[in-house]
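# Observations on chain architecture
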Amino acid sequence: MSNVEFAHPSSHDWQSKAECSDEPHETFFIEIGQSSKPAREICERCPVQFECLLDSLEYGDRHGIFGGYTERERRTIKRDWYRIRESGEDSSNALRIVLDNLS
């Protein structure tokens with residue numbers, strides 16, 4: 001089993017603080033029918049959950065659990081995130097608005 005590796009380069013050092021850095025890759029890239037609960041539990045206690053989700057949206061990650069959200073959930077978030085960004089908000093603020101509206 002390999003540890004989680006991010007598929008794209010990032011200029012951010014948040015990845016070194018990620019709770020998932022020592023977890024098996026398979027925990028976050030689950031097969032159909034498998035539970036996402038183990039990955040979500042790791043994400044919930046992660047100090048860089050927001051940064052992970054934002055990075056996933058910015059780079060277009062389509063598979064796996066990022067920032068505690070599945071691919072399907074991120075598609076919904078991304079649609080709203082794009083709409084808010086088009087109104088002039090920066091990426092981080094747009095995501096905060098979207099997440100606040102989910103609560």
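Our structure is the block above this text.
Fair warning: this is a prediction, and the values are worked out from it, not measured in the lab.

### Regarding the pattern of salt bridges
- Overall, the coordinates contain six salt bridges when judged by the stated rule.
- A salt bridge links Glu19 to Arg45, with the shortest nitrogen-to-oxygen separation between them at 3.4 Å. With Glu19 in the segment before helix H1 (37–44) and Arg45 in the loop between H1 and helix H2 (49–59), this pair connects stretches of sequence that are 26 residues apart.
- On the accessibility criterion, Arg45 (48% relative accessible area) is partly exposed.
- Each of Arg79, Asp80 and Arg83 takes part in salt bridges that share partners, so that together they form one network.

### Re the packing of H2 against helix H4 (residues 91–102)
- Where H2 contacts H4, the two axes come as close as 11 Å, and the packing angle between them is 110°. Considering their axes alone, H2 and H4 lie roughly perpendicular with respect to each other. Remark: the crossing between H2 and H4 carries right-handed chirality. Seen from H2, the contacting residues are Phe50, Leu53, Leu54, Leu57 and Glu58; seen from H4, they are Ser91, Ser92, Leu95, Arg96 and Leu99.
- Looking at the contact of H2 with H4 residue by residue, the classes come out as six nonpolar, two polar and two charged.

Analysis parameters
- Residues numbered from 1 in each chain as written.
- Predicted model: local features only at pLDDT ≥ 70, side-chain atom pairs only at ≥ 80, totals over all residues.
- Heavy atoms only, no water.
- Salt bridge = Lys/Arg side-chain N within 4 Å of Asp/Glu carboxyl O.
- Helix = DSSP H or I, 4+ residues; strand = E, 2+ residues; numbered from the N terminus.
- Buried < 20%, exposed > 50% of the residue type's maximum accessible area, 1.4 Å probe, protein only.
- Axes fitted to C-alpha atoms, helices over the stretch in contact; angles between N-to-C directions.
- Parallel < 35°, antiparallel > 145°, perpendicular 65-115°, else oblique.
- Left-handed = near helix turned anticlockwise from the far one by under 90°.
- Contact = heavy atoms within 4.5 Å.
- Nonpolar A, V, L, I, M, F, W, Y, C, P; charged D, E, K, R; others polar.

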